[in-house]
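So the chains spell out like this:
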Amino acid sequence: DAGVTQSPTHLIKTRGQQVTLRCSPKSGHDTVSWYQQALGQGPQFIFQYYEEEERQRGNFPDRFSGHQFPNYSSELNVNALLLGDSALYLCASSYNYGYTFGSGTRLTVV
Amino acid sequence: GIQVEQSPPDLILQEGANSTLRCNFSDSVNNLQWFHQNPWGQLINLFYIPSGTKQNGRLSATTVATERYSLLYISSSQTTDSGVYFCAVDPPYTDKLIFGTGTRLQVFP
């Protein structure tokens, strides 16, 4: 049984560009959450998707947006990238309760 | 919002030693979890423990919800225990995790 799969694993982008990160949830999980983890810090909640709708959102600007597809997979989009967006982006899937995290996408903005 | 603080921030041990990691949280929570983040970035859930005590092999955890703290015990540490340990709480009326500041553990042979 595959866990949470994220792609790509690493990414380098230039300031001002746009990026899309992808997440496939664990089998049987219908809820996907995204977290940003800056170097040396704990993960910070970005938003959560359930039934293709954004259900909750953390304290992140509108440059961060997402989508959930009918097969429960999800995308995180970040527009107008800033140097401060460099971080590890983690996806977590869940069903009722019980989070499973992916290995993350490490985004570097130069 | 809820504040989650962990101590110590860094811990260096020799293989075989025991350790205790602490997590303090500032308000009532629905649940508390302990995670181990390996060097490749993956977060592995160790315990769901809103209250009481649980044990899994060399690891055990205790949460005293009324006093708003949780402890993670690691006995007979091994080099593979190295990494960052996070506690995360689930505040009421939300379905998101608030992570603590983390404890970086290094175990040397």
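What this report covers is the structure whose coordinates are included nearby. Worth saying up front: this structure is predicted, and the values here are computed from it rather than measured. (Residues numbered from 1 in each chain as written. Chains lettered and ligands numbered in written order. Predicted model: local features only at pLDDT ≥ 70, side-chain atom pairs only at ≥ 80, totals over all residues. Heavy atoms only, no water.)

Moving on, we get to the side chain of A:S33. Looking at the secondary structure, you find A:S33 in strand β4 (residues 31-37). Within polar-contact distance, the side chain of A:S33 engages the side chain of A:Q48 at 3.2 Å. (Helix = DSSP H or I, 4+ residues; strand = E, 2+ residues; numbered from the N terminus. Polar contact = N/O pair within 3.5 Å; in protein donor to acceptor, adjacent residues only side chain to side chain.)

For the rest of this paragraph, the subject is the nonpolar core. B:W34 and B:L72 are the most contacted members of the largest nonpolar core, which has 21 residues in total. If we ignore the near neighbours within four places in the chain, the residues touching B:L72 are B:S19, B:T20, B:L21, B:W34, B:L46, B:F47, B:S60, B:A61 and B:Y85. Of all hydrophobic cores here, the second largest spans 20 residues; its members include A:L21, A:F60, A:L76 and A:Y89. (Core = buried A, V, L, I, M, F, W, Y, C linked by side-chain atoms within 4.5 Å. Buried < 20%, exposed > 50% of the residue type's maximum accessible area, 1.4 Å probe, protein only. Contact = heavy atoms within 4.5 Å.)

Counted by the stated rule, this structure contains 6 salt bridges over all chains. A salt bridge links A:R22 to A:E75; the nearest nitrogen and oxygen atoms lie 3.4 Å apart. With A:R22 in strand β3 (residues 19-24) and A:E75 in strand β8 (residues 74-78), this pair connects stretches of sequence that are 53 residues apart. Given a relative accessible area of 18%, A:E75 falls into the buried group. For B:D27, the salt bridge goes to B:R68, with nearest N and O atoms at 3.9 Å. Taken together, the residues span a long stretch of sequence, with B:D27 in the loop between β3 (19-25) and β4 (31-37) and B:R68 in the loop between β7 (59-64) and β8 (69-74) at a distance of 41 residues. Judged by relative accessible area, B:D27 falls into the partly exposed class, the value being 39%. (Salt bridge = Lys/Arg side-chain N within 4 Å of Asp/Glu carboxyl O.)

Right, let's talk about the pairing of strand β1 (residues 4-7) of chain B for a bit. All names here are of chain B. Only one face of β1 is buried, namely the one carrying V4 and Q6, since none of E5 and S7 on the opposite face is buried. Alignment of β1 against β3, held across 4 bridges, turns out to be antiparallel. Of the residues in β3, the one forming a bridge with E5 is N24. (Pairing = 2+ DSSP bridges.)

A common way to report how large an interface is uses the accessible area buried once the components associate. Between chain B and chain A, the residue contacts involve 17 residues of the former and 17 residues of the latter. Regarding the contact of chain B and chain A, the summed buried area is about 1500 Å², with carbon and sulfur atoms giving 47% of it. Counting the contacts that link chain B with chain A gives 1 salt bridge. Residue A:R55 is joined to B:D95 by a salt bridge in which the shortest nitrogen-to-oxygen separation is 3.1 Å. Taken together, the links from chain B to chain A amount to 9 residue pairs in polar contact (both at pLDDT 80 or more). The greatest single-element share of the side of chain B that touches chain A, amounting to 4 residues, is contributed by β4(B). (Buried area = accessible area lost by both parts, 1.4 Å probe.)

Residues and elements named next belong to chain A. Tracing the backbone through its elements, the reader meets H29 in the loop between β3 and β4. Side-chain polar atoms of H29 contact the side chain of S93, separated by 2.7 Å. Separated by 3.3 Å, the side chain of H29 and the backbone nitrogen of S94 make a polar contact. Ignoring any residue separated from it by four or fewer positions in sequence, one finds H29 in contact with Y72, S93, S94, Y95, G98 and T100.

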